[in-house]
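Coordinate inspection notes
Spelled out, the chains give:
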Amino acid sequence: SSQDPRSLARKLIALYLIGFNTIVLKSKDQGLSPSIRDTVRELVRRKLVGTEIVSESSTEIMLQVLLSYPELPAESALRRMVTIADQMHRDSVTALTEGARDLAAQVLKSDDEVDRFGFYIVRLLKQAVEDPRLLNEIGLSSPRDCLGYRLIAKSVERIADHSAMIAEHGTELREALTPRLAARIKELSEFCSALFQDASRALFRNDYSMADKVLARQDGAKMLETEIEKQIYRQNLSPEDIS
């Protein structure tokens, strides 16, 4: 095994995504270092749904994926991602507008949970592409759905990532937001959250009409964003806070 913990983590995630149910980590000469052991434990806990360390020695760690597909189909995993990402968005904006640092820290922790389900969905989709018999088991009706689900899962991951960025940058502001600016940002947040919720309902209901209405409303977010940007530039803020 590589003794670089970050490199090892990437390799383990790749093996998980490919679809292996048993992953054995061995050291050819020296034993597995404490940093390697900690990396594996943290990775299993934070990133890999359904995975457990089933045996461990000074030179070997065995991981086993114990969760079967019917227990957590693709739609259920995606629904969980949507729920967490939407709450992250709401909490990040509350942390930003109210200066709630403890809430910002919670948002950053929730990002791991979204990643966990994102990795799990990719794992399912990769296996379904290779074995069409798995499609019904994971809750999809045709191979075409695999690409759509992958793109949707990636979009939900991006919502979570941007929420984490909002929370992180919010803690770096030198001055608190003015009540007026905070109110406008909350307005934009609520508008976007409503769009996301309606888009998710349209997906899970297979409702084309609802999806079309969401697309028709998206320009409203851009208008609100432009108004907020103008308001920011009119205020006497430091260049760091403006950025």
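Right, let's walk through the structure included here. (Residues numbered from 1 in each chain as written. Predicted model: local features only at pLDDT ≥ 70, side-chain atom pairs only at ≥ 80, totals over all residues. Heavy atoms only, no water.)

Another aspect to go through is the packing of aromatic side chains. In the structure shown here, the tally under the stated rule is zero aromatic pairs. Over the ring of Phe 204 we find Arg 79, and its NZ or CZ is 4.1 Å from the ring centre. The ring centre of Phe 117 lies 5.8 Å from the NZ or CZ of Arg 116, which sits over that ring. (Phe/Tyr/Trp six-rings, centres within 6.5 Å; stacked < 30°, edge-to-face > 60°. Lys NZ or Arg CZ within 6 Å of the ring centre and 35° of its normal.)

A few words now on the nonpolar core. The biggest cluster of nonpolar side chains holds 52 residues, and the ones touching the most others in it are Tyr 16, Val 40, Leu 78 and Met 81. Counting residues per element, this core draws most heavily on helix α4 (residues 101–130), at 11 residues. Every residue in contact with Leu 78, bar those within four places of it in the chain, is listed here: Ile 121, Tyr 149, Ile 152, Ala 153, Val 156, Leu 203 and Phe 204. If you look at the next biggest cluster of nonpolar residues, it comprises 12 residues, including Leu 96, Ala 182, Ile 185 and Ala 221. (Core = buried A, V, L, I, M, F, W, Y, C linked by side-chain atoms within 4.5 Å. Buried < 20%, exposed > 50% of the residue type's maximum accessible area, 1.4 Å probe, protein only. Helix = DSSP H or I, 4+ residues; strand = E, 2+ residues; numbered from the N terminus. Contact = heavy atoms within 4.5 Å.)

Attention shifts here to the sheet that holds strand β3 (residues 60–65). Spatially, the three strands line up as an open sheet ordered β1-β3-β2, and their pairing is antiparallel. The open sheet is flanked by β1 (22–26) and β2 (51–56), the only strands paired with a single partner. For this sheet the average axis-to-axis angle between neighbouring strands, irrespective of direction, equals 20 degrees. Summarising the sheet, β1 and β3 pair through five bridges and their orientation is antiparallel. Residue pairing in the sheet places Ile 23 in a bridge with Leu 63 of β3. Where helix α1 (residues 5–18) meets the sheet, its contacts fall on β1, β2 and β3, and the angle it forms with β1 comes to roughly 160 degrees. (Pairing = 2+ DSSP bridges. Axes fitted to C-alpha atoms, helices over the stretch in contact; angles between N-to-C directions.)

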